[in-house]
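# Residue-level structure breakdown
The primary structure of each chain is shown beneath.
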Amino acid sequence: MNSRMCPLLLAHRGARLRAPENTIEAFEIALAHGCDGFEFDVRRTADARAVICHDPLFAGLQVGDSTYADLTAACSQSSPAAVVADRGKLRESALLLPT
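Attention now moves to the pattern of salt bridges. Across all of its chains, the model carries 1 salt bridge by this definition. Measuring nitrogen to oxygen at the nearest pair gives 2.9 Å for the salt bridge that ties Glu 21 to Arg 13. The class for Glu 21 is partly exposed, based on a relative accessible area of 24%.

What follows is about the packing of aromatic side chains. Inspection of the entire model under this criterion finds 3 aromatic pairs. Between Phe 27 and Phe 38, the ring centres sit 4.2 Å apart and the planes meet at 5°, which makes this aromatic pair stacked. Of this pair, Phe 27 sits in helix H1 (residues 24-32) while Phe 38 sits in strand E2 (residues 37-39), and the two are 11 residues apart along the sequence. Owing to a relative accessible area of 6%, Phe 27 belongs among the buried residues under this scheme. Exposure remark for Phe 38: the relative accessible area of 28% places this residue in the partly exposed category. Taken together, the ring pairs in this structure connect Phe 27, Phe 38 and Phe 40 into an aromatic cluster. Taking NZ or CZ as reference, Arg 49 lies 3.7 Å from the ring centre of Tyr 68, over its face.

Turning to the confidence of the model for the protein, a few remarks are in order. Across the protein, pLDDT averages 76, with 72% of residues at or above 70. Per-element confidence in the protein ranges from a low mean pLDDT of 40 for strand E8 (residues 89-92) to a high of 92 for strand E6 (residues 61-62).

The complete set of buried residues in H1 reads Ala 26, Phe 27, Ile 29 and Ala 30. Down the axis of H1, the smallest arc covering the buried residues is 165°, so these residues share one side. In H1, the exposed positions angled more than 90 degrees off the buried face are occupied by Glu 28 and Ala 32. Once H1 finishes, Gly 34 follows within two positions and takes phi at roughly 100°, a positive value.

Turning next to unusual backbone geometry. At Arg 13, a position not held by glycine, the phi torsion is positive, near 65°. Relative to the elements of secondary structure, Arg 13 occurs in the loop between strand E1 (10-12) and H1. We classify Arg 13 as buried; its relative accessible area is 10%. The backbone of Asn 22 sits at a positive phi, close to 60°, despite the residue not being glycine. Turning to its location among the elements, Asn 22 is positioned in the loop between E1 and H1.

Our next topic: the nonpolar core. Within the largest apolar cluster, 7 residues are counted, these being Ala 11, Ala 15, Ala 19, Ala 26, Ile 29, Ala 30 and Cys 35. Among the elements that line this core, the one with the most residues is H1, at 3 residues. Each residue touching Ala 11, except ones within four places of it in the same chain, is listed here: Ala 30, Cys 35, Gly 37, Phe 38 and Glu 39. In terms of nonpolar packing, the next biggest core, distinct from the first, is built from 6 residues, Val 51, Cys 53, Val 63 and Ala 74 among them.

The rules behind these values
- Residues numbered from 1 in each chain as written.
- Predicted model: local features only at pLDDT ≥ 70, side-chain atom pairs only at ≥ 80, totals over all residues.
- Heavy atoms only, no water.
- Salt bridge = Lys/Arg side-chain N within 4 Å of Asp/Glu carboxyl O.
- Buried < 20%, exposed > 50% of the residue type's maximum accessible area, 1.4 Å probe, protein only.
- Phe/Tyr/Trp six-rings, centres within 6.5 Å; stacked < 30°, edge-to-face > 60°.
- Helix = DSSP H or I, 4+ residues; strand = E, 2+ residues; numbered from the N terminus.
- Lys NZ or Arg CZ within 6 Å of the ring centre and 35° of its normal.
- pLDDT = per-residue confidence, 0-100.
- Arc of directions from axis to C-beta.
- Core = buried A, V, L, I, M, F, W, Y, C linked by side-chain atoms within 4.5 Å.
- Contact = heavy atoms within 4.5 Å.

Right under this line is the structure:
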């Protein structure tokens, strides 16, 4: 490593101590507090939608075996620590990226 290079500071799932992890808010806070970027996990649903979700299992559902509609329906039963974005509107669940 070149002695003039600095390591990157990346937030794991955003600033998850200040906002729900894997949310736009957590990502923005991490950047505002000096992080160079952030890391998160993207999974694919059974109907080929992109989902930001740390674990392969969400609300008792296997993300890869579930449809976007299945995961969205599970939102009302999920923990408030995760968020769903459906066309820009945030609600409880994993962060689902609109296609």
